[in-house]
Amino acid sequence: MKICISKMTLKDLNIIKDSLFQDFDDFWTYNILKQELENSQNSNSQYFVAKLEKEIIAFVGILTIIDEVNIMNIVVKKNSRRLGIGSLLLEKVIHFSKLQKSKLITLEVNEKNIPAINLYKKYNFKQVGLRKKYYNNTDNAILMSLELN
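Starting afresh in each chain, residues are numbered from 1 along the sequence in its written order. Owing to the predicted nature of the model, reporting of local features is limited to residues with pLDDT of at least 70; listing and counting of side-chain atom pairs is limited to 80 or more, with chain, interface and lining totals taken over all residues. Just so you know, side-chain values use all the structure's heavy atoms and leave hydrogens and water out.

Draft legend 1. Structural detail: the overall build of the chain. Helix and strand assignments come from DSSP, with helices taken as H or I runs of at least 4 residues and strands as E runs of at least 2, each series counted from the N terminus. On a plain count of helices and strands, the chain comes out with five helices and seven strands. When the helices and strands of the chain are read in sequence order from the N terminus, they spell out β-α-α-α-β-β-β-α-β-α-β-β. Computation of the radius of gyration draws on C-alpha atoms, with the globule rule given as 2.2 Å multiplied by the number of residues to the power 0.38. A globule of 149 residues ought to have a C-alpha radius of gyration of about 15 Å, and the chain, at 15 Å, matches this closely. Across its three principal directions, the C-alpha atoms of the chain cover 35 × 35 × 30 Å. Counting every position in the chain, which comprises 149 residues, the buried fraction comes to 44%. Sequence separation of 24 or more characterises 58% of the internal contacts of the chain that already satisfy a separation of 6 or more. Reported accessibility uses the Shrake-Rupley method at a 1.4 Å probe radius. Residues are deemed covered only where the shown protein chains occlude them. Accessible area of the chain: about 9,100 Å², with a carbon and sulfur share of 49%. Summary of the burial criterion: residues with accessible area below 20% of their type's maximum are buried, those above 50% are exposed, and those between are partly exposed, where the area comes from a 1.4 Å probe applied to protein chains only. Residue contacts are counted whenever heavy atoms from the two residues lie within 4.5 Å of one another.

Draft legend 2. Highlighting the pairing of strand S7 (residues 139-147). Most of S7 is tucked away: eight of the nine residues are buried. At least two DSSP bridges between two strands are needed for those strands to be called paired. With seven bridges connecting them, strand S5 (residues 104-110) and S7 associate as antiparallel partners. Residue pairing across strands places Thr 106 opposite Ser 145, the latter belonging to S7. Strand direction decides the pairing type here: strand S6 (residues 126-135) and S7, joined by six bridges, are antiparallel. Paired with Gln 127 across the bridge in S7 is Met 144. If you look at the hairpin formed by S6 and S7, you'll find three residues sitting between the two strands, and Asn 136 has a positive phi there, around 55°.

Draft legend 3. Region of the structure containing helix H4 (residues 85-99). Multiplying one less than the number of residues by 1.5 Å gives the expected span of a helix. Taking 1.5 Å of rise per residue, 15 residues should cover 21 Å, and H4 covers 21 Å from first to last C-alpha, within 8% of that figure. Residues of H4 that are buried: Ile 85, Gly 86, Ser 87, Leu 89, Leu 90, Val 93, Ile 94, Phe 96 and Ser 97. Positive phi shows up at Lys 101, right after H4, with a value of about 65°.

Draft legend 4. Broad picture of the pattern of salt bridges. A pairing counts as a salt bridge when a side-chain nitrogen of Lys or Arg comes within 4 Å of a carboxyl oxygen of Asp or Glu. Tallied over the entire structure, the rule returns six salt bridges. Between Lys 51 and Asp 12 there is a salt bridge; the shortest N-O distance is 3.1 Å. Of this pair, Lys 51 sits in strand S2 (residues 45-52) while Asp 12 sits in helix H1 (residues 10-16), placing them 39 residues apart in sequence. A salt bridge links Arg 131 to Glu 108, with the shortest nitrogen-to-oxygen separation between them at 2.3 Å. Separated by 23 residues along the polypeptide, Arg 131 in strand S6 and Glu 108 in strand S5 bring together distant segments of the chain. Residue Arg 131 is classed as partly exposed on the basis of its relative accessible area of 36%.

This is the structure:
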């Protein structure tokens, strides 16, 4: 299984536009992602896609603020989960962050998303805080970070 990770383009987003809700998760809308990509030339956000052959099976969005990188989302297609694709995207973010001389990677994750929490722990992310009722005013967000050398 050869997975290629590259910078996300508007063309990539348009390819997955109609399947965002059913194939991925209910997280950010097409319009929000489109705006992020259109503004990425002038901002500090970056998006990367993971493709298996030509099919987009996952993507990650990050925001760089001075010397910190915040992971805004890592999303893997429902039928492609548990194949290590989230790990590949996280490794890409860590590598990219080190190249940018970032000192810290931060993120927030729903406390009920155990697979994601385990993924971050596998890469030595530590829990640093909690946002109560952050998701839909019900679920808490665990704040995690990874210090880079």
